[in-house]
Amino acid sequence: MMRDFTLTIDKKKAAKALGYLLCLTAFYILSSARGVLSDVNYATVNALPFLVAAIAFYDGPYMGGVMGVYGGLLLSISSSTVEGAEALGLALFGVLCGSVGVLFMRRFLLSILACGSLFITLRGIFSATYYALFYSIPFRSIFAGYLRILAISIVPGAVGYFLIKAIHRRFSEVEY
Amino acid sequence: MKLLRSRLFGFVLAITLLCTGLMVWSAYTDRPSVLSRGLGMVVTPVQNVLSEAAQGVKDFFGYFYRYAALEEENARLQAEIEQYREMEQKYLVAINENTELRQLSGLAAKHRDFTFELCQVSSVYRGAAQVGMVLSKGSDSGIEQGDTVMTSGGLVGYVSAVGPNYSEVVTVLDIAFKAESKISRTRETVIAEGDFELLSDGCFKLSYLPTDCNIQEKDLVETSGYAGIYPQGLILGRVRELRRDASGLTKYAVVEPVDEITELKWVYVVKDFEVVE
């Protein structure tokens, strides 16, 4: 009996991880497919940091890290950034949210939005510094571009949070 | 030491090594990794379907809320067609004259043989300093990294990475884009490159022009064909205006591409071309 019970828990974990993967994929496809959310106010929606933050808050640093790698790989398909860089950034962000973020914040919408926004802002600072150093583009201009991405990604990010929450609840019930 | 032995530290280390490995692989081989290729193979067909569906919905509702605009556009296009018909006549005369002049001067005409691959635009990416797109075909169709991407109007960009069934494209608007070009009217050689300031207007620029350069508004810019990177004579765009650099020592020209890059649905990839002098 004990063995069956463990199997059920493992299956639920696997189903939950699959749900998260599908959710990340769906958000990526929706935001990058031509004519959907790929060109909103001259920017492409990026809700994946919010989803990774939500996963990390609900399932801890390990799931957050793995989903961060997956999300980063998805992002690298359509961007010209070196493959692996987005994955590394998003994975470390997932680990930090799951290990440090949960110590200081409650698991609710505003925390997820704050963390996701912080990630996009930091990504913007990093990117703007890079372009300022190597392309002599004013820091403020690139950074403003990232703020625009942030502005259009908050609502999809909030929707993503509720989806992640629903998936987590659905597959976290213990069966007796 | 306790931290170094913790499970979380090991996990972070593993992720860092994996991602660093991917970065090194990507930088070294200039190709997407197996992971990225696999994801691209799965995601791109879904993007195609979704893009088509979105376009269908947009077109359907467009009939209702854009009827007046469509009528206006139709009238304008009719007028343009008339104008182009007249121009075509003039061009035919000019082409005949040009052929005779070439023969007279003893120069051999340049021959180009393009091998085309028609591709659907699966997705468009607009970053803070990047404008890229993903196409529906890849190495399975013979597309290679560096291949030229164009429409019947002119150059769109180049293939920056290739997966089995998708290709990533850096467009002429991307700040990573740079190409040696010519002004069609004067044959002056110029450098065309993406520019951050002009990106949001859907334009790019011709840099470092001397203040006394002979470039005018509406001049056509075309690829020079030097070094064989791009085929010769592909139209890059039309000069919209000339501006002075911040230093005041040089000018630059703002160029608008022939096509609305982010609105393209289909493009051609030039898999092979030959320039015979």
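Residues numbered from 1 in each chain as written. Chains lettered and ligands numbered in written order. Predicted model: local features only at pLDDT ≥ 70, side-chain atom pairs only at ≥ 80, totals over all residues.

Asker: Mind laying out the overall build of chain B, listing which residues take part and the relevant values?
Answerer: Check the secondary structure of chain B and you find five helices and 14 strands. When the 277 residues of chain B are sorted by exposure, 35% land in the buried category. (Helix = DSSP H or I, 4+ residues; strand = E, 2+ residues; numbered from the N terminus. Buried ≥ 20, exposed ≤ 12 C-beta atoms within 10 Å, placed from the backbone.)

Asker: Provide a residue-level description of the sheet that holds strand β3 (residues 131–135) of chain B, including the pertinent values.
Answerer: All names here are of chain B. Overall, antiparallel pairing links the six strands, which are arranged β2-β3-β6-β5-β4-β13 in a closed barrel. Taking each pair of neighbouring strands and ignoring which way they run, the sheet shows an average axis angle of 40°. Looking at chain direction, strand β2 (residues 115–126) and β3 are connected through five bridges and run antiparallel. Paired with R126 across the strands is V131, a residue of β3. Sheet contacts for helix α3 (residues 34–65): β2 and β3; angle to β2, the most-contacted strand, approximately 80°. (Pairing = 2+ DSSP bridges. Axes fitted to C-alpha atoms, helices over the stretch in contact; angles between N-to-C directions. Contact = placed C-beta atoms within 7 Å.)

Asker: I'd like to hear about the pairing of β3 of chain B, residue by residue, with values.
Answerer: Residues and elements named next belong to chain B. Taking burial as the measure, the five residues of β3 include five buried ones, the bulk of the element. Across the two faces of β3 the burial is the same, with V131, M133 and L135 and G132 and V134 all buried. Taking the residues that link successive antiparallel strands as the turn, the β2-β3 hairpin has four residues. Pairing geometry for β3 and strand β6 (residues 167–171), over four bridges, is antiparallel. In the sheet register, L135 faces β6, and the bridge partner there is S167.

Note that all results are geometric; they support no functional claim without further evidence.
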